[in-house]
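Now for the letters of each chain:
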Amino acid sequence: MKARRLEALVAGEKTSDGAGVKLTRLLTHHWQQRLDPFLMLDFFGSDKGQDYIGGFPNHPHRGFETITYMLAGRMRHNDSVGNVGMLHPGAVQWMTAGRGVIHSEMPEQEDGLMNGFQLWLNLPSRDKMCEPWYLDIPNDALPEWRSDALCVRVIAGEFEGVQGRVVREATQPIYWDVHCLSNQPLSFERALPVGHNAFVVVYEGEVQLDGKRLPLHHMAVLANDGDGVALQLEPGCRFIVVAGRPLKEPIAQYGPFVMNTRDELMQAVHDYQSGRLA
Ligand code: MN
């Protein structure tokens, strides 16, 4: 295996979204081409209710998928398709907006720790107007691979024969949440498809790549110069590995709509304003 090198370490932007939820946008607009098919990655994390209490009231999406992974705290989802879901710690919500969804994502707690990730995964042009789709994966139903030293929660893709619940032919996403259970330093080496764009985000403990420590809550972009990822893990660390096959199609974004052309964006805005999006 030829390990991919570290190409960039991205601190992200402190911002707020929805009704004032404080978050760190790790994958910003700037990285959309480079990390195709991924469009956005937010890390939200706070133990202060005022940082998240406003939640994300009703808002639309069209043209892509959102994957929410809760690490701590509880959020309730409601959408125009009629789906209602509660996200508990360790749960995943996979929503394909397709031609249009209007939804809300609201905290079910007033204080205490709330943190997690929301990743946006693009849809190929041919699927952007597909019917919306939705899957809640509760914590105890998320596929896992375990050894004495490692727990890998498989949100997408495959790890040592354990297959994630959602498969996407066009983008072939891989999304692992890795916990080091060992009480000794450990090396983590796994194959990643050569053409996939990939990144790692450490959210607990210490992880090194090429002998360089990856700071917490930074996006470590992996160069496309190898066929695997190699990391050095310290006991207790936790991190996500995300990779996907680029679509190589034009990306046109206006807020919560991601299409291929400006005309399609204008159509999305028009459909939303006239009540025909969802
Ligand atoms: Mn949303």
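In case you missed it, the structure is sitting above this.
Residues numbered from 1 in each chain as written. Predicted model: local features only at pLDDT ≥ 70, side-chain atom pairs only at ≥ 80, totals over all residues. Heavy atoms only, no water.

Take the sheet that holds strand 6 (residues 64-72) next. Read across the sheet, seven strands follow the order 2-3-4-11-6-9-12 without closing on themselves; strand pairing throughout is antiparallel. The sheet terminates laterally at strand 2 (13-17) and strand 12 (133-137), the two strands that pair on one side only. The sheet shows a mean angle of 20° between the axes of neighbouring strands, direction not considered. Relative to strand 11 (residues 114-122), strand 6 is paired through eight bridges, and the arrangement is antiparallel. Its bridge partner lying in strand 11, Y69 is registered against F117. (Pairing = 2+ DSSP bridges. Helix = DSSP H or I, 4+ residues; strand = E, 2+ residues; numbered from the N terminus. Axes fitted to C-alpha atoms, helices over the stretch in contact; angles between N-to-C directions.)

Attention now goes to the coordination of the manganese ion. Reference values for angles at a metal are 109.5 degrees in the four-donor tetrahedral case and 90 or 180 degrees in the six-donor octahedral case. Surrounding the manganese ion are the protein donor atoms H59 (NE2), H61 (NE2), H103 (NE2) and E105 (OE), which sit 2.1 to 2.7 Å from the metal. If you list the donors of the manganese ion from N- to C-terminus, the spacing comes out as H-x1-H-x41-H-x1-E. Of this pair, H59 sits in strand 5 (residues 56-61) while H103 sits in strand 10 (residues 101-107), and the two are 44 residues apart along the sequence. A relative accessible area of 18% places H59 in the buried class. (Donors = N, O, S within 2.8 Å, 3.2 Å for Na, K, Ca; no water. Buried < 20%, exposed > 50% of the residue type's maximum accessible area, 1.4 Å probe, protein only.)

Attention now goes to the nonpolar core. Ranked by internal contacts, the top residues of the largest apolar core, which has 30 residues, are L41, F117, Y175, F199 and M219. Sequence-distant contacts of Y175, that is, excluding residues within four places in its chain, are made with I67, Y69, F117, L119, R153, V154, I155, A156, I240, V241 and V242. Among the nonpolar cores identified, the runner-up in size contains 26 residues, and V162, A220, F239 and A243 belong to it. (Core = buried A, V, L, I, M, F, W, Y, C linked by side-chain atoms within 4.5 Å. Contact = heavy atoms within 4.5 Å.)

Turning next to the layout of surface pockets. In this structure, the largest pocket encloses a volume near 430 Å³. Lining the largest pocket are 26 residues, and of these D17, R25, M40, D42 and W120 sit closest to its centre. Considering only residue class, the lining of the largest pocket consists of eleven nonpolar, eleven polar and four charged. Each pocket or cavity is described by its volume, and for the second largest pocket that value is around 150 Å³. Taken together, K14, T15, K22, L23, T24, F43, F44, G45, S46, D51 and H217 make up the lining of the second largest pocket. Residue assignment for the lining of the second largest pocket shows that the elements contributing at least two residues are strand 2, strand 3 (21-27) and strand 4 (38-46). (1 Å grid on protein atoms, 1.4 Å probe; cavity = no way out; pocket = protein on both sides within 12 Å on 5 of 7 lines; lining within 4 Å. Points joined across faces, edges and corners; volume = space filled by probe spheres on them. Nonpolar A, V, L, I, M, F, W, Y, C, P; charged D, E, K, R; others polar.)

A few words on helix 1 (residues 262-273). Across its twelve residues, helix 1 extends 17 Å between first and last C-alpha, which sits within 8% of the 16 Å expected from 1.5 Å per residue. Burial in helix 1 covers these residues: L265, A268 and D271. Summarising the axial view, the buried residues of helix 1 lie within an arc of 125°, below the 170-degree limit, and thus occupy one face. Exposed side of helix 1, more than 90 degrees from the buried face: R262, D263 and Q273 are the residues found there. Buried residues along helix 1 sit against strand 25 (252-254) and strand 26 (257-259). (Expected span 1.5 Å × (residues − 1). Arc of directions from axis to C-beta.)

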